[in-house]
Amino acid sequence: MKVTSAEFIKSAFKETDWLHDNLREIAFLGRSNVGKSSLINSLLGVRGLARTSSTPGRTQSLNFYLINQQFRFVDLPGYGYARAPKTIKAEWGKAAGDYLAQREQLVLSIHIVDSRHEPSKQDLQLHEWLKHHQKPHLIVATKADKLSNNELRKNMDRIARAFNSTQVLIYSATERRGRDQLWGAIEKSLKR
Ligand SMILES: Nc1nc2c(ncn2[C@@H]2O[C@H](COP(=O)(O)OP(=O)(O)O)[C@@H](O)[C@H]2O)c(=O)[nH]1
Ligand SMILES: [Mg+2]
C-alpha cells in the first residue's frame, strides 16, 4: 500500500461521535504502552501522527485517522493499565467494547501484544471475545527488536500457544519489521 495521505480526523468518546459514513475501518487494540501508536505511525510512515505517550492509560478516546481518503484506522484505548483510576478502567469496556460490537464497517481488528511478554489475562479475554463474535482479527507481536533471534523464536511459540493460534505476525516499529506483511493483511481485509 502506498500511503499518499494520512490525517487525524477526530477523537470520539461515545457512539454519537463516531463518523457517520460507510468507509471501512481497521481497528488497533492492545494493552496500554504495548506500542500501538508507534505501530500506526510506522505503518503510515508519519512520525507523531498517532500520539505516543509517556503517560500510559490516559488516552481513553477512540481516535480516527483517514488514510488515502479511502479508509480509516481507529486507535482504540489501551487496556490494562494497572494504575488507571477505576472509573477509567470501567470506561475501557464501554467505549472500545461498544465500538467492536457494533461497528458494521469494521473489517479487521489488529490485536497488538508485546513480543517480550506472556499475553495477559485481558489479552486472552479479548482474543476469545473476537473469536466468539467472529470478528476478523490478527495478532501482531511488536517490539521484536528488543529480543535476540533465539528469544524471539521462543517467545513467538509461547504467544501462539497461549492464543491457540498459529498466525502471529512479528513486528518492530523502530525497524519497520513486518510492515509489508501487515499492510498485505490490511489490504486483503479492505477488499472483502
Ligand atoms: N524498541 C521499540 N520500542 C517501541 C516499539 N514500539 C513502541 N515502542 C516504545 O514503547 C513505548 C510505548 O509506545 P506507544 O506507541 O506510545 O504505545 P501505546 O500506548 O500502545 O500507544 C514508547 O516509548 C515507544 O517508543 C518498537 O517496535 N520497538
Ligand atoms: Mg497510544
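Residues numbered from 1 in each chain as written. Chains lettered and ligands numbered in written order. Predicted model: local features only at pLDDT ≥ 70, side-chain atom pairs only at ≥ 80, totals over all residues.

Draft legend 1. Spatial organisation of the overall build of the protein chain. When helices and strands are counted, the protein chain shows five helices and seven strands. Along the protein chain, from the amino end to the carboxyl end, the secondary structure elements read β-β-α-β-β-α-β-α-β-α-β-α. Across the 192 residues that make up the protein chain, the buried fraction comes to 33%. Residue pairs at least 24 apart in sequence account for 75% of intrachain contacts in the protein chain once pairs closer than 6 positions are excluded. (Helix = DSSP H or I, 4+ residues; strand = E, 2+ residues; numbered from the N terminus. Buried ≥ 20, exposed ≤ 12 C-beta atoms within 10 Å, placed from the backbone. Contact = placed C-beta atoms within 7 Å.)

Draft legend 2. Structural detail: the sheet that holds strand β6 (residues 137-142). Across the sheet, which stays open at both edges, the seven strands sit in the order β1-β3-β4-β2-β5-β6-β7 with mixed pairing between neighbours. Two strands lie at the open edges of the sheet, namely β1 (6-12) and β7 (168-170), each paired on one side alone. Between one strand and the next, the sheet's axes are offset by a mean angle of 25 degrees, whatever the strand orientation. (Pairing = 2+ DSSP bridges. Axes fitted to C-alpha atoms, helices over the stretch in contact; angles between N-to-C directions.)

Draft legend 3. Structural context of the nonpolar core. Counting residues in each nonpolar core, the largest one holds 34 residues, and the members touching the most others are Ala 27, Phe 28, Val 74, Leu 76, Ile 112, Val 140 and Ala 141. Looking at this core, the elements with two or more residues in it are β2 (24-30), α1 (36-44), β3 (62-67), β4 (71-75), α2 (86-102), β5 (106-114), β6 and α5 (179-191). Among all residues touching Phe 28, those that are not within four sequence positions of it are Lys 36, Leu 39, Ile 40, Phe 73, Val 74, Asp 75, Leu 76, Ile 110 and Ile 112. (Core = buried A, V, L, I, M, F, W, Y, C linked by C-beta atoms within 7 Å.)

Draft legend 4. Representation of the confidence of the model for the protein chain within the structure. Per-residue confidence for the protein chain gives a mean pLDDT of 89; residues scoring 70 or more make up 89%. When pLDDT is averaged over each element of the protein chain, β5 comes out on top at 98 and α2 at the bottom at 75. (pLDDT = per-residue confidence, 0-100.)

Draft legend 5. Summary view of the pairing of β2. For β2, the tally of buried residues reaches six of seven residues, placing the bulk of the element in the interior. Strand direction decides the pairing type here: β2 and β5, joined by six bridges, are parallel. What sits directly across from Ile 26, in β5, is Leu 108.

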